[in-house]
Amino acid sequence: MKKALKSCLCLNDFERHARRLLPEPIFGYISAAAEERASFDNNINAFKSCAFVNRVLVDVSRRDCGVELFGQRYAQPFGIAPVGLSALFTYRGDLALSNAASSRQIPMIMSGSSLIPLEEVAQRNPQTWFQAYLPGNIDQIDALIRRVIQAGFKTLVITVDTPINPNKEHYIRSGFSTPLRFTPRLFWQGISHPRWLAGTFLKTVIKHGIPHFENNYATRGAPIVSRNIERDFSDRGHLNWEHLKRIRGLWKHPLVVKGILSPQDASMAVELGADGIILSNHGGRQLDGAVSPFEMLPLVVERCPRVPIMLDGGIRRGSDVLKCLALGARCVFVGRPFAYAAGVAGQQGIEQAIDLLSAEIDRDMAMLGLTRVSDLHADGRRFLHRPGLARSLRAA
Ligand SMILES: Cc1cc2nc3c(=O)[nH]c(=O)nc-3n(C[C@H](O)[C@H](O)[C@H](O)COP(=O)(O)O)c2cc1C
């Protein structure tokens, strides 16, 4: 493990080690993207559409990467995106992620598709945000929100880009399924990855029993090996803006809507009371061929100037983070790299990944001629050259 961590020098390096250390179906679950991977590629490539114009002879001997969000100060302008089933990547995955986020003072969003009761995470790290997938009917929605309130979470994220399940093609190819089926292939993958088998899977089963979906409803869901799982998740197609309005009525703390790409949807969410938006195409895992959130960012920021606009998808470098902030994002989130880092070395791996990205941001700020991340919020475009932004750059 130590050797693997030593050779992880940037976020992308964790993927290579996770591929080796995790069973193929688990790695395949994390790396999956929809169909032709066009949305995923759009996310990665979008950052190449603009370049920095750095300023020189600025005193950058002191630098501050911190941001404020919903009255809370964070040490970095990035956080950990919600990632389902993370307790299959490392032992007690959601706790490993929230502990790492807490130790580095960055935001972390716990997924509603998780295998550890949300109360445990809220108790240990009360500053964690909770992400809900809405259940199918109003009584179930109300009960779930009441449970999240009761647990003590202070920021609720509602994911709205998954009205139905995505194409499972890539899951099938890698042997991943929910319910988890104990096929000869999965059995072989388990025994040929003894560190994962003993340190994550068997340790979990021995100490806590077969994992269940704990947080999709107010009550405990089905075990991950149960045939009823599909039914548990397949009843969201009718959800609409009325449901968001209802949640706003129930939830008095900051409410964030995740999975928006259109400026019209963003402004509708804000009109209905959302306190923040996370632009996202779910890391390219839902609709293939979706535009990257980064491309839509300036339009949404212009349309919704009063709430923090955040985004995720394809962020792998400090320079990606700073480009998002320069176009008006308040904060960004990172998904797969932290999931891979969890698979490589649990909490320690995640902390290393956070530290690597933080160091890149700090270095890039100095080279940009920037002392405070918050200065980007006010006037970030002067640091960017982008064909569509050329006029504003000349004006600066
Ligand atoms: C394995 C995996 C599981 C995910 N599970 C969830 C989830 O439960 N809820 C959610 O809102 N988003 C989920 N996402 C999407 C992420 O929150 C985020 O939008 C995406 O990973 C960002 O793209 P990136 O992986 O390129 O950083 C998941 C992503 C991955 C890779």
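An unreviewed UniProt entry lists the protein chain under the name Alpha-hydroxy-acid oxidizing enzyme, with Candidimonas nitroreducens given as the organism. According to the UniProt record, the Sequence similarities (unreviewed entry) comment for the protein chain reads "Belongs to the FMN-dependent alpha-hydroxy acid dehydrogenase family." Note on the protein chain: under the UniProt heading Cofactor (unreviewed entry), the record states "FMN".

Considering the site of the ligand
Lining the immediate environment of the ligand, one finds 23 residues, of which Pro82, Ser111, Thr159, Asp312 and Gly335 sit closest. Within the contact set of the ligand, an oxygen atom lies 2.7 Å away from a side-chain nitrogen or oxygen of threonine 159. The side chain of lysine 258 places a nitrogen or oxygen atom 2.9 Å from an oxygen atom of the ligand. The protein chains hide 99% of the 600 Å² of surface that the ligand would expose on its own. Residue composition of the shell around the ligand, by class: seven nonpolar, 11 polar and five charged.

Section: the pairing of strand β9 (residues 276-279)
Along any regular strand the residues' side chains alternate between the sheet's two faces. Alternating positions in β9 separate into two faces, Gly276 and Ile278 on one and Ile277 and Leu279 on the other, with burial throughout. Two strands pair when backbone bridges link them, and strand β8 (residues 255-260) and β9 are joined in this way by four bridges, in the parallel orientation. Counterpart to valine 257 in the pairing with β9 is isoleucine 277. At this point the chain moves from β8, through helix α13 (residues 263-271), to the parallel β9, and the crossover so formed is right-handed. Note: β9 against strand β10 (residues 309-312), three bridges, orientation parallel. Directly across from leucine 279, in β10, lies its bridge partner leucine 311.

Observations regarding helix α2 (residues 11-21)
Those residues of α2 that fall on the buried side of the exposure criterion are Leu11, Asp13, Phe14, His17, Ala18 and Leu21. Down the axis, α2 shows its buried residues gathered within 140° of arc, on one side only. In the core, the buried residues of α2 are packed alongside α1 (2-6), α3 (24-31), α10 (194-208), β11 (331-334) and α16 (336-368).

Observations regarding the UniProt feature "active site" (unreviewed entry) in the protein chain
Look at the UniProt record and you will see "active site" (unreviewed entry) annotated at His282. Here histidine 282 lies in the loop between β9 and α14 (293-303). Excluding residues that lie within four positions of it along the chain, histidine 282 makes contacts with Tyr133, Thr159, Asp161, Thr162 and Lys258. A polar contact is formed between the side chain of histidine 282 and the side chain of tyrosine 133, at a distance of 3.4 Å.

Considerations on the packing of aromatic side chains
Scanning the entire structure with this criterion turns up 12 aromatic pairs. Centre to centre, the rings of tyrosine 29 and phenylalanine 176 are 4.6 Å apart; their planes meet at 25°, and the pair counts as stacked. Taken together, the positions of tyrosine 29 in helix α3 and phenylalanine 176 in the loop between α8 (169-174) and α9 (184-191) put the pair 147 residues apart, joining distant regions of the chain. Here phenylalanine 176 falls in the buried class, since its relative accessible area comes to 6%. Between phenylalanine 78 and phenylalanine 338 the ring centres are 6.3 Å apart and the planes differ by 20°, which places this aromatic pair in the stacked class. Of this pair, phenylalanine 78 sits in strand β4 (residues 78-80) while phenylalanine 338 is found in helix α16, placing the two residues 260 residues apart along the sequence.

Rules used in this analysis
- Residues numbered from 1 in each chain as written.
- Predicted model: local features only at pLDDT ≥ 70, side-chain atom pairs only at ≥ 80, totals over all residues.
- Heavy atoms only, no water.
- UniProt positions renumbered as here; feature names shortened; annotations may be inferred.
- Near = heavy atom within 4 Å.
- Polar contact = N/O pair within 3.5 Å; in protein donor to acceptor, adjacent residues only side chain to side chain.
- Areas by Shrake-Rupley, 256 points an atom, 1.4 Å probe, with all protein chains shown as cover.
- Nonpolar A, V, L, I, M, F, W, Y, C, P; charged D, E, K, R; others polar.
- Buried < 20%, exposed > 50% of the residue type's maximum accessible area, 1.4 Å probe, protein only.
- Helix = DSSP H or I, 4+ residues; strand = E, 2+ residues; numbered from the N terminus.
- Pairing = 2+ DSSP bridges.
- Right-handed = clockwise from strand over helix to strand, strands pointing away.
- Arc of directions from axis to C-beta.
- Contact = heavy atoms within 4.5 Å.
- Phe/Tyr/Trp six-rings, centres within 6.5 Å; stacked < 30°, edge-to-face > 60°.

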